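One letter stands for each residue in the lines below.
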Amino acid sequence: MEPISLDARAGELLDRAATASSGRAADTVYGGHEHALRQTLLALTAGTGLAEHESPGEATLLVLRGHVRLSSGDASWEGRSGDLLTIPDARHALDAVEDSAVLLTVVKRP
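All values reported here derive from a predicted model rather than from experimental measurement.

Trainee: Got a sec to walk through the sheet that holds strand 7 (residues 84-87)? Specific residues and values, please.
Mentor: Here we have 5 strands laid out as an open sheet, ordered 1-2-9-4-7, and antiparallel in their pairing. Of all the strands in the sheet, just strand 1 (24-31) and strand 7 have a single pairing partner and so form its edges. The sheet shows a mean angle of 20° between the axes of neighbouring strands, taken without regard to direction. Judged from the 7 bridges that link them, strand 1 and strand 2 (residues 37-44) form a sheet pairing that is antiparallel. Residue pairing for strand 2: Gly 31 is matched across the bridge by Arg 38. Here helix 1 (residues 6-19) sits on the sheet and contacts strand 1, strand 2, strand 4 (57-65) and strand 9 (100-108); the angle it forms with strand 1, its principal contact strand, is near 150°.

Written out as C-alpha cells, the structure reads:
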C-alpha cells in the first residue's frame, strides 16, 4: 500500500474549494460505503461549512490546517491545526473560521 500525503491532498482540495461555488471540496481517502471505517478529507474556505446534520456513527475530526468551529445545540468547540475533536452523537454543524482542511473519520453504525 502506498502512503498518502494528507498535507499534499489538503493543499489540492483547498485549491479546489477556492474555485467551487460551495467553497468546499472533499475526497474519501480510505473506506467507503462497503466499509465500516471511512476517512474523508474535507476542505472548506473561510465562512463556509456543513449545515446541521445527523452523525452516521462514531466520529472524530482531525484539523490539518486552519481553524474550524464544531457546534451541536448550544455547545461549540474550536479546532485549530493539530487538534482532534470528537463529534457528538447528535445533530451538529461545522463552520470554517478560516480556510481549513480536516480529516473526518467515521465508523458507521451496524
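Trainee: Requested: an account of the pairing of strand 7, with residues and values cited.
Mentor: Only one face of strand 7 is buried: it carries Leu 85 and Ile 87, and the other face, with Leu 84 and Thr 86, is open. With 4 bridges connecting them, strand 4 and strand 7 associate as antiparallel partners. Each residue of the ladder has a partner; that of Leu 62, found in strand 7, is Leu 84.

Trainee: Give a detailed account of the nonpolar core, specifying residues and quantitative values.
Mentor: With 13 residues, the main nonpolar core has Leu 61, Val 68, Leu 70, Leu 85, Ile 87, Leu 94 and Val 102 as its most contacted residues. Among the secondary structure elements, those contributing two or more residues to this core are strand 2, strand 4, strand 5 (67-72), strand 7, strand 8 (92-96) and strand 9. Broken down by element, the residue count for this core peaks at 3 residues, all from strand 4. Not counting the four nearest positions on each side in its chain, Val 68 is found in contact with Val 63, Trp 77, Glu 78, Gly 79, Leu 85, Leu 94, Asp 95, Ala 96, Val 97, Ser 100 and Val 102. Leu 14, Val 29, Leu 41 and Ala 101 belong to the second-largest nonpolar core, a separate cluster that totals 10 residues.

What counts as what
Residues numbered from 1 in each chain as written. Predicted model: local features only at pLDDT ≥ 70, side-chain atom pairs only at ≥ 80, totals over all residues. Heavy atoms only, no water. Pairing = 2+ DSSP bridges. Helix = DSSP H or I, 4+ residues; strand = E, 2+ residues; numbered from the N terminus. Axes fitted to C-alpha atoms, helices over the stretch in contact; angles between N-to-C directions. Contact = heavy atoms within 4.5 Å. Buried < 20%, exposed > 50% of the residue type's maximum accessible area, 1.4 Å probe, protein only. Core = buried A, V, L, I, M, F, W, Y, C linked by side-chain atoms within 4.5 Å.

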